[in-house]
Amino acid sequence: MSDPLLISPNSILANALLRSVDLLRPRVHARRPARIEFVVGTQINGVPHLGTNLVQTAAFLLAKIARREFGIEAMVRFGALDNAPYEVDLDPDTHHAYQRTYVHALGKDRIGEIIDGYYRAFFDSLSDATDTAYVVETYSGQQATPAFRAEFLRSLDHIEAIRWWLAPSHGVIHTRLPCPDCGWAEKRGERTRLTHLDEDGARFTAVCFDHGDYEVHIDPEDDSPYLDLATLYRNLVKERLAGRDANVLPVMVKGGDWAFGCQLVDGALGAMATPPLQVPMRVFTPQVLAPTGAKLSKSLLRERGTAALPADVEPWMLDTTAWPGDVDHYVDALL
Ligand SMILES: [Zn+2]
């Protein structure tokens, strides 16, 4: 095989940066944080694929390098998105899509088992190899905290200013409030309405395809009912929250497919007058591409069937449990 022509993506930063970690330096100088947290979110929807593990590996490596470079403690915070859709169904009458999340379908214990089964040994190995501590939290745990709810309620005050950023094609933000009887929620929130908002909280009405009309009250103290936000909205609330602790510099580590979406999150952060130094830094990792230049996507390939697999895709790239070796060996290869 001849030498590959391209081994590293060039970028406009070629003359400005010596190393990727230098991206963080202006923020480290401006904020003087006590700790840097590299935040990675991953949908808990089955077996991880190579791209997922690459983003996570980058977070651990960056933490190690940042600690050495800036002399500041650095760790990894892993957010397990257990609100990923587990099943989607159409209301036979209205044809509105309804969905049930992983945590609603499987329960908290099973989610814990999935995280342990797919990620625990991998993270432990990465943690050893990079001498970096990590914590795991679930989206369900985050959304239940008073701080997350307070931030969500604050965003409702600005709903007119943020809704086109978070839903640029139609202006309807998807706030999913599962039915208290069955746990299903309208996927696109067509019949979910904010009916009242004051300092005590927000009241919504929604319609279940099985149980009819219901009402949901979200307040800053109460940890129920469940609050499931669509991707861009969830990131707005998460980033607003992450930026509040002056002692911590949060760095969001994301796959490169997020680069476009973050402009919309930034628009919403700006519409809420978020101070620039409270907008988290973000590092985008390279994507694994198919020969066509498209992202090597598990879900797209699943739709096309295994016959559509490019010839150079090894089975472990889409199902990392198929790696022909132990976890430490896999982590060594990624590092
Ligand atoms: Zn229901």
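Residues numbered from 1 in each chain as written. Predicted model: local features only at pLDDT ≥ 70, side-chain atom pairs only at ≥ 80, totals over all residues. Heavy atoms only, no water.

Asker: Describe the packing of aromatic side chains, naming the residues involved and giving the relevant values.
Answerer: In this structure the tally under the stated criterion is 18 aromatic pairs. Where Phe 60 meets Tyr 134, the ring centres are 6.0 Å apart and the plane angle is 70°; that geometry is what we call edge-to-face. Taken together, the residues span a long stretch of sequence, with Phe 60 in helix H2 (residues 50-70) and Tyr 134 in strand S5 (residues 134-138) at a distance of 74 residues. Taken individually, Phe 60 and Tyr 134 each receive the classification buried, so the pair is uniform in this respect. Relative to Tyr 119, the ring of Phe 78 lies with its centre 5.2 Å away and its plane at 45°, an arrangement referred to as tilted. In this pair, Phe 78 sits in strand S2 (residues 73-81) while Tyr 119 sits in helix H4 (residues 108-130), placing the two residues 41 residues apart along the sequence. For Phe 78, a relative accessible area of 1% gives the class buried. Positioned above the aromatic ring of Trp 258, the side-chain terminus of Lys 254 is 3.9 Å from the ring centre. (Phe/Tyr/Trp six-rings, centres within 6.5 Å; stacked < 30°, edge-to-face > 60°. Helix = DSSP H or I, 4+ residues; strand = E, 2+ residues; numbered from the N terminus. Buried < 20%, exposed > 50% of the residue type's maximum accessible area, 1.4 Å probe, protein only. Lys NZ or Arg CZ within 6 Å of the ring centre and 35° of its normal.)

Asker: Describe the nonpolar core, naming the residues involved and giving the relevant values.
Answerer: Counting 80 residues, the largest nonpolar core has Ile 36, Phe 38, Phe 152 and Tyr 233 as the members making the most contacts within it. When neighbours within four sequence positions are excluded, Ile 36 is seen to be in contact with Val 28, Ala 66, Phe 70, Ile 72, Glu 73, Ala 74, Met 75, Leu 249 and Val 251. (Core = buried A, V, L, I, M, F, W, Y, C linked by side-chain atoms within 4.5 Å. Contact = heavy atoms within 4.5 Å.)

Asker: Before we move on, could you go through the coordination of the zinc ion and cite the residues and values that matter?
Answerer: For the zinc ion, the protein coordination sphere consists of Cys 179 (SG), Cys 182 (SG), Cys 208 (SG) and His 211 (ND1), at 2.1 to 2.3 Å. Each of the 4 donor atoms around the zinc ion contributes to a set of angles spanning 103 to 114°, which defines the coordination as tetrahedral. One chain supplies every donor for the zinc ion, spaced along it as C-x2-C-x25-C-x2-H. With a gap of 29 residues between them, Cys 182 in the loop between strand S6 (175-176) and strand S7 (185-186) and His 211 in the loop between strand S9 (201-208) and strand S10 (212-218) connect regions that are remote in the sequence. (Donors = N, O, S within 2.8 Å, 3.2 Å for Na, K, Ca; no water. Tetrahedral: all angles 85-135°; square planar, octahedral: opposite > 155°, others 65-115°.)

Asker: Help me get a handle on the sheet that holds strand S8 (residues 193-198), residues and values and all.
Answerer: Two strands in a sheet stick together by hydrogen bonds in their backbones, pointing the same way (parallel) or opposite ways (antiparallel). The strand order across the open sheet built from 3 strands is S8-S9-S10, with neighbouring strands paired in antiparallel fashion. Each edge of the open sheet carries a strand with a single partner, namely S8 and S10. Strand-to-strand twist of the sheet, defined as the mean angle between neighbouring strand axes without regard to direction, takes the value 20°. As defined by bridge partners, S9 adjoins S10 across 7 bridges and the pair is classed as antiparallel. Opposite Ala 202, over in S10, you have Ile 218 as the bridge partner. Relative to S9, helix H6 (residues 146-157) is tilted by about 85°, and along the sheet it contacts S8, S9 and S10. (Pairing = 2+ DSSP bridges. Axes fitted to C-alpha atoms, helices over the stretch in contact; angles between N-to-C directions.)

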